[in-house]
Amino acid sequence: MTASSRLLAGLFLFLSFATLAIDFFKPGSFRAIPYTIPDFGIYFTAATLSQKGQNPFDLQAIGREQNLLKPGMPPMPANSGPWAIAAVVPFTVFDFPAARLAWLFLEIAILIGCGDIIWAIYKGPSNQVPFVWLMALFSYASLQVLWLGQLSVFVLLGFVIFARYYRTHPFLAGIGLALLALKPQNQLLVILIGLIWMIHRRQGRIVTGLVAGVGLLTCFVIFSNPLIIHQYLAMFRDDPPSGYLTPVPATVLRLCFGLERFRLNFALLPFGFVWGIIYYWIHRNEWNWIERLPLILLVSYLVSPFGWAYDQIVFLFVYLQVMAWAASQRSASWILAILIHGALSAYYLIMLSRTEELHWIWLAPVWTLAYLVLNHRRKASMNRSDPVREDLIRYV
C-alpha cells in the first residue's frame, strides 16, 4: 500500500476502534446519531441471539430482537449462514448505534486498503491512487455496502489477501480464502476452480490456511451455540429463500417458467462448473490467479443462484485491472471510464428507491461483455513489444 492509503485507511480504522472504546466507557454516547438498520442489523440481531444460546434463525426470536432496533420491522433471518454471523459477534457487546458506526468506518478502511492493493497488483501508476479511492468508495456496489452495512466487503478482502499473498505467504492466502465462507453463494465457481488448482498444484499450505480460517470462524459461532449449524440447515430446508428475486440471470428462468420453481435458481451453476473446469484445463500450465481472477469472478456471479448488486463489489478487480492498463498506456480513456462509472453509481442510487433490485439484472452481463472487449484490447497491447508489456509479463 502507498503511504497515503495506509494513512487514510489507518485513520478510519482508528475511528472504528475509537467509537467502540467511547461506547464501552460511556454507553449510549452514539444513540442520537442517525443510522440504518439493514443489513448489518440483521446479522447483529442474529449474533446477539446466538451469543445468548438461542436459535438465531427462529423468526419469532428474530422478530423480538429486531423490534428492539426498529419497532414494526418484519423479521428477517441472516440467510448467509453461521459464518457470516461470526464476523459480527465482537460488535454485539456494544450498543447498536455505536456498533453500526464503527462497522461503517471499518468497511471504509477495508475498501481503501483493498483498492490500493488491487491497483498495485495490476501495476497501476501510484500517482493515480486518489482516483482509485473514488472507484473503491463510490461504485454502486460500494455505496450500497456502506449504506446497508453488508458483509460483501469481507469477501473482497478475502480475495485481495489471496491474490496478494498466494505466492509468497500461502498460509495467509488460505486464511484470506476462508473469508469467502461469509457469503459463498456468489463464489461457487471460484471455489471449484480454486480446489482443482490446489489439488493440481499441491498447494498444501493454502489448504491448511483455508481449513484453519474456516475452523476458527466455526469455533467462534459454535462456542456459545453448538447447534447453530444444525439450526441454519433446518431453516434452509424448511423455509428456503425462495421469495427473493435477485438480479442474477437464473432469476430470468423463474420469471419465464414459474416463480414457484425454486430449483431453477441453480440451473446455470452446472454450466458454469463445466466452463470453469475446461477453462482451467486449457490454461493450467500457465495459470496465474492475478490474470484470471477478474473473468472468473464475473462468470461466477453470472451462474450463481443468488446475488445482489452489492455482491458485485468484488468486481473491483475487474475495474482496476482494466483501468491500470489504460492508465499505464497514458490514455485519457480511463478518466472517461471513471466518469461513466460515477454516473452509473449516481443513477443507481437515484433509482434504488424507485425500482426493485431485479431492475439491475443487466449490470453483471454488461460488465462481463465490456470486460471481454477491453481485456482483448489489453492483451493485444501486451503482445506488442513495449516496456509496459515486459513489466506486466514479469509480474504476472
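Look up a bit, the structure's there.
What counts and what doesn't
The numbers attached to residues start from 1 for each chain and follow its sequence in the written order. In keeping with the predicted nature of the model, local features appear solely for residues at pLDDT of at least 70, side-chain atom pairs appear and are counted solely at 80 or more, and the whole-chain, interface and lining totals rest on all residues. Side-chain descriptors were evaluated using all non-hydrogen atoms of the structure, hydrogens and water having been removed beforehand. Only protein chains enter the accessibility calculation, which uses a 1.4 Å probe; a residue is then buried when its area is under 20% of its type maximum, exposed when over 50%, and partly exposed in between. Runs of H or I in DSSP of at least four residues are treated as helices and runs of E of at least two as strands, each being numbered from the N terminus. Regarding the arc, it is the one traced by the directions from the helix axis to the C-beta atoms. When two rings of Phe, Tyr or Trp (its six-membered ring) have centres within 6.5 Å they constitute a pair, described as stacked for plane angles under 30 degrees, edge-to-face for angles over 60, and tilted for the intermediate range. Two thresholds decide whether a charge sits over a ring: the Lys NZ or Arg CZ must be within 6 Å of the ring centre and within 35 degrees of the ring normal. Here the expected length of a helix is defined as 1.5 Å per residue gap, with one fewer gap than residues. Whether two residues touch is decided by their heavy atoms; if any such pair falls within 4.5 Å, the residues are in contact. By the criterion applied in these results, polar contacts are pairs of N or O atoms within 3.5 Å in which, for protein atoms, one can donate a hydrogen and the other can accept it, and in which residues neighboring in sequence qualify only through two side-chain atoms. We define the nonpolar core as a collection of buried residues of types Ala, Val, Leu, Ile, Met, Phe, Trp, Tyr and Cys that are connected through side-chain atoms lying within 4.5 Å of one another. Axis definition: a line fit to C-alpha positions, over the contact stretch in the case of helices; interaxial angles, taken between N-to-C directions, run 0 to 180 degrees. For this classification, under 35 degrees means roughly parallel, over 145 means roughly antiparallel, 65 to 115 means roughly perpendicular, and everything else is oblique. Each crossing gets its hand from how the near helix is turned against the far one by less than a right angle, where anticlockwise is left-handed and clockwise is right-handed. Just so you know the grouping, Ala, Val, Leu, Ile, Met, Phe, Trp, Tyr, Cys and Pro go in nonpolar, Asp, Glu, Lys and Arg go in charged, and all remaining residues, Gly too, go in polar. Residues enter patches when their relative accessible area tops 30% and they take part in no salt bridge; the joining distance is 9 Å for like charges and 5 Å for the nonpolar side chains Val, Leu, Ile, Met, Phe, Trp and Tyr. All accessible areas in this document rest on Shrake-Rupley with a 1.4 Å probe, and a residue is counted as covered only by the protein chains that are shown. Salt bridges, as used here, are contacts in which a Lys or Arg side-chain nitrogen is within 4 Å of a carboxyl oxygen on Asp or Glu. Charged residues are defined narrowly, with Lys and Arg counted positive, Asp and Glu counted negative, and His plus the chain ends left uncounted.

**Here we look at helix H13 (residues 250-257)**
For H13, the full list of buried residues reads Ala 250, Thr 251 and Arg 254. Down the axis of H13, the buried set is contained in an arc of 105°. They therefore lie on one face. Phi for Gly 258, located one or two positions after H13, is positive at around 125°.

**Structural notes on the packing of aromatic side chains**
Enumeration according to the criterion identifies 27 aromatic pairs in this entry. Cation over ring: Arg 284 sits above Trp 281, and NZ or CZ is 3.7 Å from the ring centre.

**A few points about helix H8 (residues 152-165)**
Spanning 14 residues, H8 covers 20 Å between terminal C-alpha atoms, matching the ideal 20 Å at 1.5 Å per step. The element H8 is largely enclosed, with a buried count of eleven among its 14 residues. The complete set of buried residues in H8 reads Ser 152, Val 153, Phe 154, Val 155, Leu 156, Gly 158, Phe 159, Val 160, Ile 161, Phe 162 and Ala 163.

**Structural notes on the environment of Ser 300**
If you trace the backbone, Ser 300 turns up in helix H15 (residues 289-302). On the basis of relative accessible area, Ser 300 is assigned to the buried category, the value being 1%. Considered as a pair, Ser 300 and Ser 242 are 58 residues apart in the sequence and their alpha carbons are 20 Å apart. For Ser 300, the contacting residues outside a window of four places in its chain are Asn 186, Gln 187, Leu 188, Leu 189 and Val 190. At 2.8 Å, the side chain of Ser 300 and the backbone oxygen of Asn 186 are in polar contact.

**Concerning the nonpolar core**
Among the nonpolar cores identified, the biggest contains 119 residues, and Tyr 140, Leu 156, Phe 159, Trp 197, Trp 289, Phe 315 and Phe 317 are the most heavily contacted of them. Top contributing element to this core by residue count: helix H5 (residues 96-121), with 17 residues. For Trp 197, the contacting residues outside a window of four places in its chain are Phe 162, Tyr 166, Arg 202, Gln 203, Ile 206, Tyr 280, Trp 287 and Trp 289.

**Details of unusual backbone geometry**
Backbone torsion omega between Pro 38 and Asp 39 reads -10°, so that peptide bond is classified as cis. Along the chain, the position of Asp 39 falls in the loop between helix H1 (3-25) and helix H2 (40-51). Of note, Arg 202 is a non-glycine position whose phi angle comes to about 55°, a positive value. Within the secondary structure, Arg 202 sits in the loop between helix H10 (188-200) and helix H11 (204-222). Taking relative accessible area as the criterion, Arg 202 reaches 77% and is therefore assigned exposed.

**Notes on the packing of H15 against helix H16 (residues 316-328)**
Where H15 meets H16, the closest approach of the two axes is 8 Å, and the angle between their N-to-C directions is 135°. With respect to their mutual orientation, H15 and H16 come out oblique. Between H15 and H16 the crossing geometry is left-handed. Of the residues in H16, those in contact with Ile 290, Glu 291, Leu 293, Pro 294, Leu 297 and Leu 298 of H15 are Phe 317, Val 318 and Gln 321. For the contact of H15 with H16, the class distribution of residues is seven nonpolar, one polar and one charged.

**Some thoughts on a nonpolar patch on the surface**
Together, Phe 131, Leu 134 and Phe 138 make up a nonpolar patch on the protein surface, roughly 280 Å² of accessible area in all. Position of Phe 131 relative to the elements: it lies in helix H6 (residues 129-138). Residue class for Phe 131 comes out partly exposed when judged on its relative accessible area of 33%.

**Concerning the side chain of Arg 254**
Mapping Arg 254 onto the fold places it in helix H13. Buried and without a salt bridge, Arg 254 has Glu 260 as its closest oppositely charged side chain, separated by 7.3 Å. Within the structure, the side chain of Arg 254 is placed 2.5 Å from the backbone oxygen of Leu 259, a separation counted as a polar contact. If we ignore the near neighbours within four places in the chain, the residues touching Arg 254 are Ser 242, Tyr 244, Leu 245, Leu 259, Arg 261, Phe 262, Leu 264 and Asn 265.

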